[in-house]
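So the chains spell out like this:
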Amino acid sequence: MPMFFMSYARVPAPRHRDASQDPNRLVFQFFDELCGKVARHARVPREEAGFVERPGTPGEKSIKALYGSEVFVPLYSKRYFSNPQCGRQWTAVTQRAAQGAGPGIVPVLWTPHSPTSLPKKVKAYPEVPKGIGEAAESYASMGLLRLLDQMLDLTEGTDPEDEDVAAQVAQVTDWLAKRIVDQAAKATGPSRRPSGSGRATEPETAPVTLAGLDDAFADPPFASPLHITVLAPTEEQLPVGRDNTRYGPRVDDWRPYGQAVGPLVEQMEALARNLGFAPTVLPFHKTQTELRGTELPSAPWILVVDPWALENPQMAGQAREFDRARRPWTAVLSTLAGDDLQTKEQSDRLRGLLTANFPRFLTEGRAGEQEAVRGLAGADVFTRWFGELAEATKIRFLRYIHSQLSRSGSGVRDVPESGADLSRRPDAGRDNGASSDGRRVEGRP
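Okay, so let's go over this structure. In this text the structure is predicted, and so the values were computed from the model without any measurement.

Moving on, we get to the overall build of the chain. Scanning the chain for helices and strands turns up 14 helices and nine strands. Looking at the chain residue by residue over its 445 residues, the buried ones come to 49%. Counted over contacts in the chain with a minimum sequence separation of 6, partners at least 24 positions apart contribute 75%. Of the roughly 22,200 Å² of accessible surface on the chain, 50% is carried by carbon and sulfur atoms.

Structure below.
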């Protein structure tokens, strides 16, 4: 496998042009020079020094080289940071780094680019060479592409300037080659060359395509805030006789739908992000300030309840307080896992606790909201209703904000505070453990 992978934004070449007219020819010229110097400094065969994707290169070969390389060499330019394929390559590299198996990054200043205009996920800015005088200044001010272009324009003449520009390019290229070799020596992961070996091992897990990866350079869409509060006991707060297998030392450890599904808090956070929200899990006392206050709320709010928690007088009081407030931007979901034998046996009593502590949500709420409060039997049903209620509370939250701002004197007609009615799911909330119809909330791209 190659020691380094060169990443560049390909300029589409018009058809029927020979190699001398390829708009990417300076990329390949620089790559060839860099490969020669890396091979010499690292004492490896030239074919093992580096890889660049040329026209006609199979995609599988490029991906294997990307995942097997020890150093990633991106050519920074405005075009580079607007190229989705380059953004996906960056994602692949940084994901490997997050797993402790990523290559080093040696960025090249291909065209002048301000550090302040880099995408948010890009932290590395090309270094300026030290100890090579004028070459470093030219590289920092013009970028390597312009130096190469000048050298190409001057090749047919005999002006001493030819030699000066060529010498600067050679100095910068040699400096970059040494940096690549140094980074390769520090490389971690499956592609690292073992001591005394001239070849890198094959990457163990390289995808067939990068199409499924995010473009790291794309600005993410605005994420709507969403507050989540969980009313559930820890294993030390359980009522007498309650099995502790679905609880842990923290509320975040609560697993109402079993070990296979995992902690519900993690599932809700992942689902909320997939739906375009920026979720924040907050303790109950944080809700008190917002529900009682006169200031505008900062986000829609979902309360998720374990009915077993309502045997605790303090938690039951918190539930009733949330119900009494019943602000337009709030919703309640509760769990009655159908595969939990103890919960199934006590379902009537637990549902009675929910009815006693959330009377307003059950009598004033829409049909779908009432089903969610009565208890959801399975993880798939919970997932669907969580997504629907998150969207519904978001709409009502925005309408409420608009309504309050209108009343403050903006002169805009008031907007109703209620959202559209939610459809009724006949299978939601049943305690017989039956699965739902299998439909899932689809994530947004």
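Glancing now at the nonpolar core. Of all hydrophobic cores here, the largest spans 41 residues; its most connected members are F4, F30, L144 and L176. Those elements giving two or more residues to this core turn out to be β1 (4-7), α1 (25-42), β3 (71-76), β5 (108-109), α4 (134-142), α5 (144-154) and α6 (160-186). Those residues in contact with L176, other than ones at most four positions away along the chain, are F30, L34, V106, P107, V108, Y139 and L144.

Let us look at the packing of helix α2 (residues 59-68) against helix α3 (residues 84-98). Where α2 contacts α3, the two axes come as close as 10 Å, and the packing angle between them is 35 degrees. Here α2 runs over α3; the crossing is right-handed. Between α2, through L66, Y67 and G68, and α3, the contact on the second element is made entirely by Q89, A92, V93 and R96. Of the residues assigned to the contact of α2 with α3, the class counts are four nonpolar, two polar and one charged.

This next bit is on helix α7 (residues 264-274). Taken together, the buried positions of α7 are L264, V265, M268, L271 and A272. Projected down its long axis, α7 shows its buried positions confined to an angular sector of 130 degrees, all on one face. Phi turns positive one or two residues past the end of α7, at G276, with a value near 95 degrees.

Below, the discussion takes up the pairing of β1. Neither face of β1 is open: one carries F4 and M6, the other F5 and S7, and all of them are buried. Here three bridges tie β1 to strand β2 (residues 50-52), and the two strands are oriented parallel to one another. Within the sheet, the bridge partner assigned to M6 lies in β2 and is V52. As defined by bridge partners, β1 adjoins β3 across four bridges and the pair is classed as parallel.

The next thing to look at is the packing of aromatic side chains. In the structure shown here, the tally under the stated rule is 19 aromatic pairs. A ring pair is formed by F81 and F217, whose centres lie 5.0 Å apart and whose planes are at 80 degrees; its orientation type is edge-to-face. Separated by 136 residues along the polypeptide, F81 in the loop between β3 and α3 and F217 in the loop between α6 and β6 (224-231) bring together distant segments of the chain. Like F217, F81 is buried. Residues W329 and Y400 carry aromatic rings whose centres are separated by 4.8 Å and whose planes lie at 50 degrees to one another, so their mutual orientation is tilted.

A few words on the sheet that holds strand β9 (residues 330-334). Pairing is parallel in the open sheet, where four strands are placed in the order β7-β6-β8-β9. Each edge of the open sheet carries a strand with a single partner, namely β7 (277-281) and β9. Taken pair by pair, the neighbouring strands of this sheet meet at an average axis angle of 25 degrees, ignoring direction. Across five bridges, β6 lies against β7 in parallel orientation. Counted as the bridge partner of L226 is P279 from β7. Together, β6, β8 (301-305) and β9 form the strand contacts of helix α8 (residues 284-292), whose direction differs from that of β8 by roughly 140 degrees.

This part covers the side chain of R396. Mapping R396 onto the fold places it in helix α14 (residues 379-410). Judged by its relative accessible area of 4%, R396 falls in the buried class. In this structure the side chain of R396 is engaged in a polar contact, spanning 2.8 Å, whose partner is the backbone oxygen of P328.

This part is about the pattern of salt bridges. Under the defined criterion, the tally for this structure stands at 16 salt bridges. Put simply, D340 and R246 hold a salt bridge, and the shortest N to O gap is 4.0 Å. A residue pair is termed long-range when its members are at least 10 positions apart, and D340 in the loop between β9 and α10 (341-345) and R246 in the loop between β6 and α7 qualify at 94 residues. Assessed through its relative accessible area of 8%, D340 is described here as buried. In this structure, the salt-bridge partner of R250 is D253, at a minimum N-O distance of 3.3 Å.

Bringing the environment of V165 into the picture now. Tracing the chain through its elements places V165 in helix α6. A relative accessible area of 4% places V165 in the buried class. Through-space distance from the C-alpha of V165 to that of D149 is 9.8 Å; in sequence the pair is 16 residues apart.

In contact at an axis separation of 11 Å, α8 and helix α9 (residues 313-325) are set at 25 degrees when each is read in the N-to-C sense. Relative to α9, α8 is oriented roughly parallel. Remark: the crossing between α8 and α9 carries left-handed chirality. Listed contacts from α9 to F284, Q288, L291 and R292 of α8 are Q318, E321, F322 and A325. Partitioning the contact of α8 with α9 into residue classes produces four nonpolar, two polar and two charged.

Calculation notes
Residues numbered from 1 in each chain as written. Predicted model: local features only at pLDDT ≥ 70, side-chain atom pairs only at ≥ 80, totals over all residues. Heavy atoms only, no water. Helix = DSSP H or I, 4+ residues; strand = E, 2+ residues; numbered from the N terminus. Buried < 20%, exposed > 50% of the residue type's maximum accessible area, 1.4 Å probe, protein only. Contact = heavy atoms within 4.5 Å. Areas by Shrake-Rupley, 256 points an atom, 1.4 Å probe, with all protein chains shown as cover. Core = buried A, V, L, I, M, F, W, Y, C linked by side-chain atoms within 4.5 Å. Axes fitted to C-alpha atoms, helices over the stretch in contact; angles between N-to-C directions. Left-handed = near helix turned anticlockwise from the far one by under 90°. Nonpolar A, V, L, I, M, F, W, Y, C, P; charged D, E, K, R; others polar. Arc of directions from axis to C-beta. Pairing = 2+ DSSP bridges. Phe/Tyr/Trp six-rings, centres within 6.5 Å; stacked < 30°, edge-to-face > 60°. Polar contact = N/O pair within 3.5 Å; in protein donor to acceptor, adjacent residues only side chain to side chain. Salt bridge = Lys/Arg side-chain N within 4 Å of Asp/Glu carboxyl O. Parallel < 35°, antiparallel > 145°, perpendicular 65-115°, else oblique.

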